[in-house]
Amino acid sequence: MKIHEKYMSRCIQLAKNGLGTTYPNPLVGSVLVYNDKIIGEGWHYQAGLPHAEVNAMASVSTSESDNLLEATMYVSLEPCSHFGKTPPCADLIIEKGIKKVVVGSTDPNPKVAGRGIKKLLEAGCEVIVGVLETECDALNKRFFTFQNKKRPFIFLKWAQTANGFIAPLTKEKKEPVWITNEYSRQLVHKMRSQEQAILVGTNTVLEDNPSLTTRNWKGTSPIRVVIDRALKIAETASVYDQSAPTIFISEKARGSTENIYFETVDFSEALPLQICEVLYKYDIQSLIVEGGTKMLQQFIDASIWDEAIIFTGKTTFTNGVKAPVFEGTLLSEENIQTDTLQYYKNNNS
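Nothing here was measured: the structure is a model prediction, and the numbers come from that model.

**Structural notes on the nonpolar core**
Okay, step 1: In this structure, I154, L156, L199, I275, V289 and F299 are the most contacted members of the largest nonpolar core, which totals 30 residues.
Okay, step 2: Of all elements in the fold, only β6 (153–160), β8 (197–200), β9 (223–227), β10 (246–250), α9 (271–281), β12 (286–291), α10 (293–301) and β13 (307–312) reach the threshold of two or more residues within this core.
Okay, step 3: Setting aside residues no more than four positions away along its own chain, I154 makes contact with C276, L287, V289, F299, I304, W305, D306 and E307.
Okay, step 4: Judged by nonpolar contacts, the second largest core, of 24 residues, contains A56, V60, V75 and L120.

Next comes the structure, spelled out in structure tokens:
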């Protein structure tokens, strides 16, 4: 089993290269091994492009191609068995004559859900399932949450001062007051490039006029989700600039335009759950809730969140807006120069 874990670890490592580019597809890595040597490897780059198994097979050199019949394929997620934008990977594995397949996680997507494994077994393949299953499940926490809970995987993210404030009570300009250093801010932009959507409340837009894009990191900007109950945010605000798709959630109906969408919900009912229902309709698998405190606290109080990402700077305010109050298990902590970055897990999600 240890040898299987070695190669499955490589699958996971490869799969992570696709974070931020494969939506709505999962992250998948694959390697082909012959005589304890990797002869091919690949990962899924982008929806609509070949899957990890196809890329792994395509990477095998001509000199090694005859060894495919004796090779073992490792793949972090069950090979697909249905026609989507690409043909089924299970069919290609069978066609190429690969006789042994080691799988990390089974696919919760109802279109697959064990059918890929069944197809391989019926074709005479030896299939081993569940190698580093916990790690493979964690790799696709976004995809699995979307499939199983019918909502995005939700990250809560905020920056707070050393004495627990996320914003001053008043400020002179309608722009952010930076609490953290430039390295932390760049990391936030990297995070944005990896997640599918980012959400803020009305007051955050009115006070800071954020663009919510990935200006300081190469990658796709997330879909912007803006809570604007009365549609009082002016169309001159940065969130209306069409630089990224934007969904406004309001109680007032308005027709959608190019790259700008409007959705209505009942603000007298629980808001986080309704937001999740809207985002599920848009096939959004991951969401960063970035502020402000009132919006963050609503998700916390409803226990509709999965991880909290908290940056603490060395700055202090005499008074200000207090950071949200929550309970969770600390997953990790690191220093970003003068800042501290902590990740927490919601024990009840």
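**Remarks on the packing of aromatic side chains**
Okay, step 1: Enumeration over the complete set of coordinates arrives at eleven aromatic pairs.
Okay, step 2: Centre to centre, the rings of F326 and Y344 are 5.1 Å apart; their planes meet at 85°, and the pair counts as edge-to-face. With F326 in the loop between β14 (321–322) and β15 (329–336) and Y344 in strand β16 (residues 339–345), the pair connects residues that are 18 residues apart, well separated along the chain.
Okay, step 3: Judged by its relative accessible area of 15%, Y344 falls in the buried class.
Okay, step 4: Members of the aromatic cluster, connected to one another through ring pairs, are W158, W305, F326 and Y344.
Okay, step 5: One Lys or Arg, R185, reaches over the ring of W178 and ends 4.6 Å from the middle of that ring.
Okay, step 6: Positioned above the aromatic ring of F165, the side-chain terminus of K322 is 4.9 Å from the ring centre.

**Quick word on the side chain of T180**
Okay, step 1: Mapped onto the fold, T180 is located in the loop between β7 (165–167) and α7 (182–194).
Okay, step 2: Beyond its immediate stretch of four places on either side in the chain, T180 contacts A159, R185, F311, G313 and D339.

**Description of the sheet that holds strand β4 (residues 100–105)**
Okay, step 1: In space, the five strands of this open sheet follow the order β2-β1-β3-β4-β5, with mixed pairing throughout. Both outer strands of the open sheet, β2 (37–43) and β5 (126–129), are each paired with one neighbouring strand and no more. The sheet shows a mean angle of 15° between the axes of neighbouring strands, taken without regard to direction.
Okay, step 2: Alignment of strand β1 (residues 29–34) against β2, held across six bridges, turns out to be antiparallel. Counterpart to G29 in the pairing with β2 is W43.

What counts, and where the lines are drawn
- Residues numbered from 1 in each chain as written.
- Predicted model: local features only at pLDDT ≥ 70, side-chain atom pairs only at ≥ 80, totals over all residues.
- Heavy atoms only, no water.
- Core = buried A, V, L, I, M, F, W, Y, C linked by side-chain atoms within 4.5 Å.
- Buried < 20%, exposed > 50% of the residue type's maximum accessible area, 1.4 Å probe, protein only.
- Helix = DSSP H or I, 4+ residues; strand = E, 2+ residues; numbered from the N terminus.
- Contact = heavy atoms within 4.5 Å.
- Phe/Tyr/Trp six-rings, centres within 6.5 Å; stacked < 30°, edge-to-face > 60°.
- Lys NZ or Arg CZ within 6 Å of the ring centre and 35° of its normal.
- Pairing = 2+ DSSP bridges.
- Axes fitted to C-alpha atoms, helices over the stretch in contact; angles between N-to-C directions.

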